[in-house]
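Structure assessment
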Amino acid sequence: MDNKRAKNFTDYDKNILFEIVQKFRHIVENKKTDARNVTEKNDSWDKIGNEYNANSQSGIRTKKQLHALYDGIKKKARKNLQEDKVS
């Protein structure tokens with residue numbers, strides 16, 4: 001296993017990811033965790049990964065890396081939204 005750190009995501013790559021995820025948003029954002037929905041989510045992330053890797057500039061990424069980026073950006077957006085409400 002290669003423990004080298006991957007390149008950082010560029011803004012272009014982040015935008016590509018969000019455009020692709022929008023196609024699968026109704027599946028990826030589903031809160032249900034039964035076996036059928038988990039399988040659909042995994043299949044969707046596989047498709048997202050394949051489409052992303054066909055269009056990215058910063059190299060090949062795993063579905064785990066893409067999912068982590070997506071969740072991290074959503075978390076940061078929620079935090080910024082909360083801070084805006086407070087101020």
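In the block above lies the structure referred to throughout.
Just so we're clear, the structure is a prediction, and the values are computed from it rather than from any experiment.

Another point: the environment of V86. Assignment of secondary structure puts V86 in helix α4 (residues 63–86). Here V86 falls in the exposed class, since its relative accessible area comes to 66%. Spatially, the C-alpha atoms of V86 and D11 are 28 Å apart, while their sequence positions differ by 75 residues.

Time to look at the packing of aromatic side chains. This structure, assessed with the given rule, holds 3 aromatic pairs. A ring pair is formed by F18 and Y70, whose centres lie 5.3 Å apart and whose planes are at 50 degrees; its orientation type is tilted. Here Y70 lies in helix α4 and F18 lies in helix α1 (residues 11–23), a separation of 52 residues in the sequence. Pairwise contacts between aromatic rings join F18, W45 and Y70 into one cluster.

Positive charge collects at one region of the surface, where K31, K75, K76, R78 and K79 lie side by side. The class for K31 is exposed, based on a relative accessible area of 74%.

As a further point, take the environment of I73. Mapped onto the elements of the fold, I73 is located in helix α4. The partly exposed category is assigned to I73, whose relative accessible area is 25%. Not counting residues up to four positions away in its chain, the partners in contact with I73 are K14 and F18.

Criteria and cut-off values
Residues numbered from 1 in each chain as written. Predicted model: local features only at pLDDT ≥ 70, side-chain atom pairs only at ≥ 80, totals over all residues. Heavy atoms only, no water. Helix = DSSP H or I, 4+ residues; strand = E, 2+ residues; numbered from the N terminus. Buried < 20%, exposed > 50% of the residue type's maximum accessible area, 1.4 Å probe, protein only. Phe/Tyr/Trp six-rings, centres within 6.5 Å; stacked < 30°, edge-to-face > 60°. Patch = residues over 30% accessible without salt bridge, like charges linked within 9 Å, V, L, I, M, F, W, Y side chains within 5 Å. Areas by Shrake-Rupley, 256 points an atom, 1.4 Å probe, with all protein chains shown as cover. Salt bridge = Lys/Arg side-chain N within 4 Å of Asp/Glu carboxyl O. Lys, Arg positive; Asp, Glu negative; His and termini not counted. Charge placed at Lys NZ, Arg CZ, Asp CG, Glu CD. Contact = heavy atoms within 4.5 Å.

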